[in-house]
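Descriptive analysis of the structure
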Amino acid sequence: MTSVTPTVQPEVHPVGAHRAEVDRIRDDFPGLHQQVAGHPLVYLDSAATALKPRQVLDAERRFAELRTAAVHRGAHTLAATATEEFEGARATVAAFIGAAPDEVVWTSNATEAINLVAYGFSNASTGDRLDGTDAFRLGPGDEIVVTELEHHANLIPWQELARRTGAALRHLPVTEDGELRMDLAPDVIGSRTRILAFSHISNVLGSVAPVAELVRQARAVGAVTVLDACQSVPHRPVDVHALGVDFAVFSGHKMLGPTGIGVLYGRRELLRELPPFLTGGSMISTVTMERAEYLPPPHRFEAGTQKVSQAIALAAAVDYLREVGMDRIGQWQGMLGQRLAAGLVGIRGVRLLGPAPGTERAGLASFEVDGVHAHDVGQFLDDRGIAVRVGHHCAQPLHRRLGLTASTRASTYLYTTAEEVDLVLESVADVRPFFLGTPR
Amino acid sequence: MTAAELGALYQQLILDHARERHGEGLQPTGSVQSRQVNPLCGDEVTVQLTVDPATGNIASLHWEGRGCAISTASASLLADLVHELPADELTTRIGHFRDVMRSRGTLEPDEDLLADAVALQGVARYVARVKCAMLPWVACEDALRMLAAPSAPEPV
Ligand SMILES: Cc1ncc(COP(=O)(O)O)c(C=O)c1O
C-alpha cells in the first residue's frame, strides 16, 4: 500500500505530543483491544455509539451491586443513598452543559427527549388543559421549522406534531453540498414560526450550525428553539445557557455512557409550563380518583421507575470527559476531522460530503466512492478490522438532496489515533481498485 | 474475515457481473414485474419476466435497481439462469438458492440448478448480506406467483 499524504501537516497539529496521552486513554477502553477479522479493531463509528471506559462500566456495576434501591421512594438507608447519587448525577450532567440541575430531565435517549418536547406541545394543544399555557398551544396557521439535514429523530416527531395539531412543517433547505441555506432563513423563519428545531452538528456532514444566528432569528419571532446536540455535547464544550437555546437533547451512549439514558435540557421557565409527556407514578404530588397534581420539573417529566444506574454511569462518563478536558477533546477531534477530510479529497473517485478541508468540521467525515455501493465499502473495510457506518445514517432527506441513497462515514473520538485515520484513508484508496479494477 | 475470505465473498465472477450486468433495463414487452425493497439499506430492484408465448416458459428476465455489488451481481446471474425454464422449475431453483443462502455456509449449492450463481455461495456466511443476494430472487419469485395466479397479472 502506498500511503496517503494528509495535507494537514503534523507540525501544524502536533500529533506526536498527543500520542502518549491518547495511548493512556486507550488503556481505559477494553473494547479497543480486540481483534476483528484477524486485525486489531479500528473503531471509527463513535458518532453512532461510543466505546465505554472501564471507569463508566465500574460505576454502573458498583451501583448495581451495592446501592440498588428505588429512588425517591422509601425511607431506608439504601434508598436515601441511591436518591442522593441519582440527583448527584443530574447535577454533574447539568454542570457539564452549563445548566441548573432542575433543567435536566432524564430520558431514554435523545429521540425520546425530542418526543417529550413534541408531546408536551401536543398535549398543550388538545383538550382543555388547565396547566398548559398558550406558549405551547399549536394549531392551523402555526409553523414548525426544521432543517433539511436533520437526523430522522429530529424530523419525524415534528412531522407527527404538525399532523396532530394542524400546524405546518417547513424546513430550511441545504445546498447540494449540504450547506444550510442561511440566506433563506429570514423567509422560512417568520411570525408564524413557533418551533425551530435543528442540529448543532450534522451527524452526516460534520458541519456546525450557526447556532447564535438561528437563535437570534427564532427569538425575534418568539419561536421556541430545540437543539439536537447529539453530536456536539460528546465532542466539544457546550454551554446551553451561553447558546441561548430553549431546549437541547443528547444521548448518553454517544459520550462514553451506557445505552438507555439520554438528556433533555429545558430552560427553567419553559419546563415549568410544559405539560407532561408520560404520566403515572413518581411525577405527581397529590392524586385523587379524578385528577392529579404534578411535581415541578424535572420530576414532572420522569414518570415511573427511573434509569438509575445508567444515570450514575453517565455522570461517571462526564467525569471522565471533564478530566481529559472538553477543550482538548474538541481540538483533537477537529484535527482528526481535518485529517480525514484532507485525505479523502486526495483519493481518486472519492467524493467528500460536507465542509471542504480547512473549513470547520467535527471529527467525522462521510464520503461516496464512485461506482461502489456504501455497503461494499463497509464490507471491504471490515475485512481490515475497520468499523465504519454505511447507509443513510438516519438522514434520508439529506442524502436525497446530495444525490445519494447511502454513504460511508468514519467518525472519531478522544481515543482515536492519527494512525487509525491514516489507515482508513489507505484502505479507502484500495476500494475502487478492488471492485472496479481501476488504478489506485 | 481474512483477505482470502473477502475474495470468497466477492469472487471474481461476482465483481464481473456487478460491472458488466446482464439483463439490466426493463423491456416494454414484459409479462409481469415485481419491485422489492431491502428495508435494511433502502436498496431496491424491479424484476420483470417475459413469457415465451409458444412454450409458456420464461423467455427472459430483465431488471432495474439500485444496490451493492452482491445484489446487482445476483440479479445479473439470475438473468442468465432463467432462459427457457418452465415457471415451476424456476420456482424450484429459487427455493434451492434460498436454502443455500440460509444455510450459513453449510449447504453446498447444486451447480446443475444454479449454474454460475453458485459463485454467490460465499454470501451465505455473512448473515447481514444474505438479503442483498436474495433480493432479486425474491422479486422473481413474486413475479412468478403473479404469473401463476389466474387473476390478472400486474400490468407492466
Ligand atoms: C444528530 C443526531 N440526532 C439524533 C440521534 C438519535 O440518537 P438516539 O438514537 O440515541 O436517540 C443521533 C444518533 O443516532 C444523531 O446523530
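Residues numbered from 1 in each chain as written. Chains lettered and ligands numbered in written order. Predicted model: local features only at pLDDT ≥ 70, side-chain atom pairs only at ≥ 80, totals over all residues. Heavy atoms only, no water.

**Description of the sheet that holds strand β2 (residues 44–51) of chain B**
Residues and elements named next belong to chain B. An order of β1-β2-β3 is seen for the three strands of this open sheet, with the pairing classed as antiparallel. With one partner strand each, in any of the chains shown, β1 (32–37) and β3 (58–66) form the two edges of the open sheet. Across this sheet, the average inter-strand angle for adjacent strands is 15 degrees, counted without regard to direction. Sheet strands in contact with helix α6 (residues 127–148) are β1, β2 and β3, and its direction is about 145 degrees off that of β1. (Pairing = 2+ DSSP bridges. Helix = DSSP H or I, 4+ residues; strand = E, 2+ residues; numbered from the N terminus. Axes fitted to C-alpha atoms, helices over the stretch in contact; angles between N-to-C directions. Contact = heavy atoms within 4.5 Å.)

**Quick notes on the interface of chain A and chain B**
How large an interface is tends to be reported as the accessible area lost when its parts come together. Tallying the contact residues gives 12 residues for chain A and 17 residues for chain B. In total, chain A and chain B occlude about 1,400 Å² of area from one another, counting both sides; carbon and sulfur atoms represent 55% of this. Taken as a group, Gln379(A), Asp383(A) and Phe434(A) account for 36% of the area that chain A buries against chain B, more than any other trio of residues on that side. Counting across the interface, chain A meets chain B through one salt bridge. For Arg129(B), the salt bridge identified is with Asp376(A), shortest N-O distance 2.9 Å. On inspection of chain A and its partner chain B, the count reaches six residue pairs in polar contact (both at pLDDT 80 or more). Every element with two or more residues in the side of chain A that touches chain B is listed here: α12 (374–382) and α15 (431–436) of chain A. Looking at the side of chain A that touches chain B element by element, the count peaks at four residues for α12(A). (Buried area = accessible area lost by both parts, 1.4 Å probe. Salt bridge = Lys/Arg side-chain N within 4 Å of Asp/Glu carboxyl O. Polar contact = N/O pair within 3.5 Å; in protein donor to acceptor, adjacent residues only side chain to side chain.)

**Focus: the site of the ligand**
Residues and elements named next belong to chain A. If you check the shell around the ligand, you find Asn109, Ala110, Thr111, His151, Ala153, Asn203, Asp228, Cys230, Gln231, Ser251, His253 and Lys254 and nothing else. In the model, an oxygen atom of the ligand is placed 3.0 Å from a nitrogen or oxygen of the His151 side chain. Between the ligand and the protein, one listed contact pairs an oxygen atom with a side-chain N or O atom of Ser251 at 2.6 Å. The protein chains hide 88% of the 390 Å² of surface that the ligand would expose on its own. For the shell around the ligand, the residue count by class is three nonpolar, seven polar and two charged. (Near = heavy atom within 4 Å. Areas by Shrake-Rupley, 256 points an atom, 1.4 Å probe, with all protein chains shown as cover. Nonpolar A, V, L, I, M, F, W, Y, C, P; charged D, E, K, R; others polar.)

**Here's the deal with the domain arrangement of chain A**
All names here are of chain A. For chain A, the assigned domains are domain 1 (19–53 + 325–436) and domain 2 (61–322). Between the C-alpha centres of domain 1 and domain 2 the distance comes to 29 Å. The interface is formed by 40 residues belonging to domain 1 together with 35 residues belonging to domain 2. Sorting the residues of domain 1 by area buried against domain 2 places Met326, Leu398 and Arg401 first, and these three jointly supply 22% of that buried surface. Taken together, the connections running from domain 1 to domain 2 amount to two salt bridges. Residue Glu360 is joined to Arg236 by a salt bridge in which the shortest nitrogen-to-oxygen separation is 3.2 Å. (Domains from an automatic or database assignment.)

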